[in-house]
Amino acid sequence: MKLPYKNIYQVLKLNRAIVYCVIVCSLLISSFSLWMVYTIHNKALNAAFAVNTDGSIIPLKLVTQKENFKVEALAHLDLFHNYFYSIDASNYEKNLEKALWLANSSVSDLYRQKKAEGVYNRLLQYSLVQKVLHSVSQIESNNGNYTFRTLTVFQINRGSITDTYRLVSTGRLITVDRNFPNNPHGLLITDYIENTLKKITDEN
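Residues numbered from 1 in each chain as written. Predicted model: local features only at pLDDT ≥ 70, side-chain atom pairs only at ≥ 80, totals over all residues. Heavy atoms only, no water.

Draft legend 1. Spatial organisation of the state of the cysteines. Within this structure, the stated rule accounts for zero disulfides. The thiol of Cys21 is not disulfide-bonded; the next cysteine sulfur, from Cys25, is found 6.3 Å away. A relative accessible area of 46% means that Cys21 is categorised as partly exposed. Cys25 gets classed as partly exposed once you look at its relative accessible area, which sits at 44%. (Disulfide = S-S within 2.5 Å. Buried < 20%, exposed > 50% of the residue type's maximum accessible area, 1.4 Å probe, protein only.)

So this is what it looks like as structure tokens:
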């Protein structure tokens, strides 16, 4: 007995349905695999492991790169402002040299300007002591560009007279190669400007 021939269109529709099923399953499997790889990759970036003395594995949580940058940037700015503004007759050359390692030509130009105006000569002539009391910096990020605004309060001791000043300065930060001990944070201050300098009185 002969088997009846199947309708060719039914066979093609069946084949097409099978192909579609295979394609959909392949896409689902591929998407799931990519998602798993992405998840594992993120976990690997945010975690590290250390081997304990007994051979056990200890998971260590890493601080994000952004948090690390902010901490180092604040430390860098604090270091610079202390070197550049905490000076006296005995240490000003050494401190200014250290400060210049932390910034680019914008600070070098400011240093030459102050020198031409006789700031450091007066420091030597009258044995002035300039000391930073505190500095507070704010850092903003915009598409990988980092700008800062720092409020520095410092005193100038003239023997029997002590004056206090408030300085607001701004600039940008860029990353460079670390150079210990000259530039331990691997950052460089650029476009540095002393915006305002105001003497603090009892009325302020």
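Here the narrative resumes, following the displayed structure.
Draft legend 2. Structural view of the pairing of strand E5 (residues 145–157). Sheet analysis places strand E4 (residues 129–142) next to E5, joined by 13 bridges and oriented antiparallel. Pairing of Lys131 across the sheet is with Gln155, part of E5. Linkage of E4 to E5, two consecutive antiparallel strands, is achieved through a turn of two residues, within which Asn143 is found at a positive phi near 55°. Pairing of E5 with strand E6 (residues 162–175) involves 12 bridges; the strand directions are antiparallel. Bridging across to E6, Phe148 finds its partner in Gly171. The antiparallel pairing of E5 with E6 creates a hairpin that spans four residues between the two strands, and Gly159 there sits at a positive phi of about 90°. (Pairing = 2+ DSSP bridges. Helix = DSSP H or I, 4+ residues; strand = E, 2+ residues; numbered from the N terminus.)

Draft legend 3. Region of the structure containing the nonpolar core. The biggest cluster of nonpolar side chains holds 28 residues, and the ones touching the most others in it are Phe80, Phe84, Tyr85, Tyr120, Ile189 and Tyr192. Elements that contribute at least two residues to this core include exactly helix H2 (65–85), helix H3 (92–100), helix H4 (105–116), helix H5 (119–125), E5, E6 and strand E7 (187–200). No other element matches H2, which puts six residues into this core. Once residues within four sequence positions are removed from consideration, Phe84 is found in contact with Leu96, Ala99, Val107, Leu110, Tyr111, Lys114, Tyr120 and Glu194. (Core = buried A, V, L, I, M, F, W, Y, C linked by side-chain atoms within 4.5 Å. Contact = heavy atoms within 4.5 Å.)

Draft legend 4. Seen up close, the environment of His76. By secondary structure assignment, the location of His76 is in helix H2. With a relative accessible area of 0%, His76 lands in the buried category. When the C-alpha atoms of His76 and Ile189 are compared, they prove to be 8.9 Å apart, with 113 residues separating the residues in sequence. For His76, the residues in contact, after removing those within four places along its chain, are Leu102, Leu173, Asn183, His185, Leu187, Leu188 and Ile189.

Structural measurements only, silent on function.
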